[in-house]
Amino acid sequence: MQRPTLFIADLHLTPERPQINAAFFAFLAGPATQAQALYILGDFFEAWVGDDDLAHPLHAQVAAALKRLAQAGVPIHVMHGNRDFLLAEAFCQASGATLMADPSIIELNGEKTLLMHGDTLCTDDVAYQAFRSQTREPNWQAAFLAKPLGERLALAGALRTQSEQTKADKTPEIMDVHPKAVNQALHQAGCRRLIHGHTHRPARHPLEIDGHSAERWVLPAWYEGAGWLQCDATGCQMKHS
Ligand code: LP5
Ligand code: MN
């Protein structure tokens, strides 16, 4: 039987949520071993301040566990999220994973499928989009990465606090994807299936794009437990453990 392709996002791995880390290691040792490929669509880590933080025991353990899966023959693809856009070459070396661009198009069981983290679709969140543009600039990143690790961790912590505060003032609609952005992304990519994370609102949304039926899958965050999308020739379904 054909092996399924698995998609996960928004695990937000951190030493502060050991039960979720355990759920991830169980996922890697279980369903992931049967996969044709594993796609991690951003916000894998709660915060990633640079690859030198691989020295943290949890980060080293996560990279080693991914590498075991990669060496067992399961290709692992990682996309940046808004929490871990600084994942880079050393992480790939340590984990055996390959970084993929956001957006990317893959051929999934004969269907062109668009993969995104999902943050770029939240076009009404103007303050976030400005912040995103700034922090994706190579010069900004070089200056940030030149700071000592401890300082970067402190800045990331301050920014997480600020993010939680600013989100309290934003409406749920502002923090969701904009339908026009979704339509435009699918139209431009020539795809009828989109898989993304970021909004933490797991669902399958049926759509119509250019007169054809289409679908948008939103991956779950891993706050309560593990959740992933499993796709094979018969289609996609959400799984939980
Ligand atoms: O992540 P989440 O779900 O809470 O909210 C996101 C958007 N927030 C973010 C910020 C991240 O949470 C922080 C990640 C830290 C790790 C990165 C490390 C490297 C960078 C360190 C830089 C110092 O992405 C949030 C969205 C929400 O998704 C829904 O889509 O609304 O957007 C914001 O909160 C951004 C604010 O609206 C604007 C922020 C202005 C910040 C100004 C810079 C101040 C620097 C503070 C450092 C002390
Ligand atoms: Mn995100």
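Residues numbered from 1 in each chain as written. Chains lettered and ligands numbered in written order. Predicted model: local features only at pLDDT ≥ 70, side-chain atom pairs only at ≥ 80, totals over all residues. Heavy atoms only, no water.

## Quick notes on the overall build of the chain
The test is simple: Strands are runs of DSSP state E lasting at least 2 residues, helices are runs of H or I lasting at least 4, and numbering of each runs from the N terminus. As a reference, a globule follows 2.2 Å times the number of residues to the power 0.38, and the radius of gyration itself is taken over C-alpha atoms. Each residue's exposure class comes from its accessible area (1.4 Å probe, protein chains only) as a fraction of the maximum for that residue type: buried when under 20%, exposed when over 50%, partly exposed otherwise. Should any heavy atoms of two residues lie within 4.5 Å, those residues are considered in contact. Here the open area of atoms and residues is found with the Shrake-Rupley method and a 1.4 Å probe, where only the protein chains shown may cover a residue. By the counting rule applied here, Lys and Arg register as positive and Asp and Glu as negative, while His and the ends of each chain are not counted. Charge coordinates come from a single atom per side chain, which is NZ of Lys, CZ of Arg, CG of Asp or CD of Glu.
What the chain contains, in helices and strands, is 7 helices and 11 strands. For a compact globule of 241 residues, the expected C-alpha radius of gyration is about 18 Å, and the chain comes in at 17 Å, within 12% of that figure. With the C-alpha coordinates of the chain rotated into their principal frame, the extents come out at 50 × 40 × 30 Å. Within the chain, the proportion of its 241 residues that are buried is 48%. Partitioning the contacts of the chain with sequence separation of at least 6, the portion at a separation of at least 24 is 66%. Just so you have it, the chain exposes about 11400 Å², and 54% of that area is on carbon and sulfur atoms. With 20 positive and 26 negative side-chain charges, the chain shows a spacing of 3 Å between the two charge centroids.

## Description of the packing of aromatic side chains
How two aromatic rings sit relative to each other is set out by the distance from centre to centre and by the angle between their planes. To keep things clear, this is the line we draw: Each pair of aromatic rings taken from Phe, Tyr and Trp, with Trp reduced to its six-membered ring, is defined by centres within 6.5 Å and is described as stacked if the planes are under 30 degrees apart, edge-to-face if over 60, and tilted in the remaining cases.
Under the definition given, this model contains 13 aromatic pairs. Each ring, one from Phe27 and one from Trp228, has its centre 4.9 Å from the other, and the planes form 55 degrees; the classification is tilted. Highlighted residues: Phe27 in helix α1 (residues 18-29) and Trp228 in strand β10 (residues 227-232), separated in sequence by 201 residues. One aromatic cluster is present, built from ring pairs that chain together Phe24, Phe25, Phe27, Phe44, Phe45, Trp48, Phe91, Trp222 and Trp228.

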